[in-house]
Amino acid sequence: MNRILVIGSNSFSGASFVEHALASSIDILGISRSQEPAPCFLPYLWGAQKHPAQSQAPRGQFQFFQADLNKDLDAIISAADIFKPECIINFSAQGMVAQSWDAPLDWFQTNLMANVALSDRLKKVSWLRRYVHVGTPEVYGNCSGTVKEDAPFNPSTPYAASRAACDLHLRTYFRQYNFPVIWTRAANVFGPGQQLYRIIPRTILCIKTGTKLQLHGGGHSVRSFIHIRDVAKATLAAASRGVPGETYHLSTDLHLSIKALVERICERMHVRFENAVDIVDDRPGKDAAYLLDSSKARESLGWTDTVGLDEGIDECIEWMNRDFKEILRQPQNYIHKP
């Protein structure tokens, strides 16, 4: 695989995947609706800085094209026709859960309608071998035990419903047109460069600035956290070796509450948990747990996770210490864009 089109290349997962693919000598066309953000959020700009000994290693070429999937579909298809990627990986989505209650039409427009229009155009092209749709375990709703890829959808929020609807649409295109879709659904992803309103960077930033973290519902929800490098490796494996029509879960075997996660960060930053948090009401529709069985990806794709939680937290702390001045100039809360 020599060329991949990444839709949503400015997103945390998208930008991290771009870095992994470039290091694998793959050429990338990245598309996002916004201009590229500050360098502290773009891991593909860090390579030579973090690994000077590897700066001479062969890398793929990266092109960035600013275009909105909701408004600029013709331009996106034209750019793709010129680039002719063997694979498209779609990271783009309205991704916030709680805020989806406030403007559900925006979530359904981006997460469903824009993707229906995109896939309807792509089903006609001759150059596409794989289409990796980066999904979410939110489609399963609140679950008990570990969830396999064939679990029924039971979304609890407009965000989850919009993502489930798109997955169902793509299923019909696979069956009717052999559209080469492959789904990935990852546990809670984290790592350096993540948006500052996500739980791990937000906790680190609050501790560094002496601001108390608002811990929704006491942090009793149980999650599994997986490092973005492991997700990027799995995503490329799915693009290269995945079977169209199949879904692959990406997760670790470590399950812990949000409270336990925050306690772990506090311990590594040498502060007391009680001094670092305020307990506030939980968010509407928040699922108590969704824990993924990732054995299929391990067996079928030859993938395994390699970055432990503590190692990953230390990387996030190091990233924030290194880029702290730049990070302080960035928005720290989610800003909705219709």
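Structural data are supplied above this passage.
First things first, this report covers the structure right here in the doc. No experiment lies behind these values; they were computed from the predicted model shown.

## Observations concerning the packing of aromatic side chains
At step 1: Summed over the entire model, instances satisfying the criterion amount to seven aromatic pairs.
At step 2: It is Arg171 that lies over the ring of Phe153; its NZ or CZ is 5.1 Å from the centre.
At step 3: One cation-aromatic arrangement involves Arg322 over Trp46; the distance from NZ or CZ to the ring centre is 5.2 Å.

## Some thoughts on the packing of helix H1 (residues 12-23) against helix H7 (residues 228-241)
At step 1: The N-to-C vectors of H1 and H7 enclose an angle of 70°; their axes lie 9 Å apart at closest approach. Here H1 lies roughly perpendicular to H7, going by the angle between them. By crossing handedness, the relation of H1 to H7 is classed as right-handed. Within the contact between the two elements, H1 uses Phe12, Ser13, Ser16, Phe17 and His20 and H7 uses Ile228, Ala232, Lys233, Thr235 and Leu236.
At step 2: Considered class by class, the residues forming the contact of H1 with H7 number five nonpolar, four polar and one charged.

## Let's talk about H7
At step 1: Taking 1.5 Å per residue as the helical rise, H7 with its 14 residues ought to reach 20 Å, and the 19 Å between its terminal C-alpha atoms agrees with that figure.
At step 2: Taking burial as the measure, the 14 residues of H7 include 10 buried ones, the bulk of the element.

## Quick notes on the environment of Ile258
At step 1: By secondary structure assignment, the location of Ile258 is in helix H8 (residues 258-268).
At step 2: In this structure Ile258 touches Ile199, Leu215, Gly219, Ser221, Arg223 and Phe225, once residues within four positions along its chain are discounted.

## A closer look at the pattern of salt bridges
At step 1: Throughout the structure, instances matching the rule amount to 15 salt bridges.
At step 2: Taking the shortest distance from any N to any O, the salt bridge between Arg229 and Glu315 comes out at 2.9 Å. Here the residue Arg229 occupies a position in helix H7, and Glu315 occupies one in helix H11 (residues 309-322), the gap between them amounting to 86 residues.
At step 3: Residue class for Arg229 comes out partly exposed when judged on its relative accessible area of 38%.

## Topic: the pairing of strand E4 (residues 87-90)
At step 1: Burial along E4 is two-sided: Cys87 and Ile89 facing one way and Ile88 and Asn90 facing the other are all buried.
At step 2: Bridge count for strand E1 (residues 3-7) against E4 is four bridges, and the pairing is parallel. Directly across from Val6, in E4, lies its bridge partner Ile89.
At step 3: Here four bridges tie E4 to strand E5 (residues 130-135), and the two strands are oriented parallel to one another. Across the sheet, residue Ile88 finds its bridge partner in E5, namely Tyr131.
At step 4: With respect to chirality, the unit in which E4 leads through helix H4 (residues 104-122) into the neighbouring parallel E5 is right-handed.

## What about helix H6 (residues 199-209)?
At step 1: Buried residues dominate H6, accounting for eight of its 11 residues.
At step 2: Looking at H6, one finds that the buried residues are Ile199, Ile200, Pro201, Thr203, Ile204, Leu205, Cys206 and Ile207.
At step 3: Among the residues trailing H6, Gly210 stands out with phi positive, at a value near 70°.

Calculation criteria
- Residues numbered from 1 in each chain as written.
- Predicted model: local features only at pLDDT ≥ 70, side-chain atom pairs only at ≥ 80, totals over all residues.
- Heavy atoms only, no water.
- Phe/Tyr/Trp six-rings, centres within 6.5 Å; stacked < 30°, edge-to-face > 60°.
- Lys NZ or Arg CZ within 6 Å of the ring centre and 35° of its normal.
- Axes fitted to C-alpha atoms, helices over the stretch in contact; angles between N-to-C directions.
- Helix = DSSP H or I, 4+ residues; strand = E, 2+ residues; numbered from the N terminus.
- Parallel < 35°, antiparallel > 145°, perpendicular 65-115°, else oblique.
- Left-handed = near helix turned anticlockwise from the far one by under 90°.
- Contact = heavy atoms within 4.5 Å.
- Nonpolar A, V, L, I, M, F, W, Y, C, P; charged D, E, K, R; others polar.
- Expected span 1.5 Å × (residues − 1).
- Buried < 20%, exposed > 50% of the residue type's maximum accessible area, 1.4 Å probe, protein only.
- Salt bridge = Lys/Arg side-chain N within 4 Å of Asp/Glu carboxyl O.
- Pairing = 2+ DSSP bridges.
- Right-handed = clockwise from strand over helix to strand, strands pointing away.

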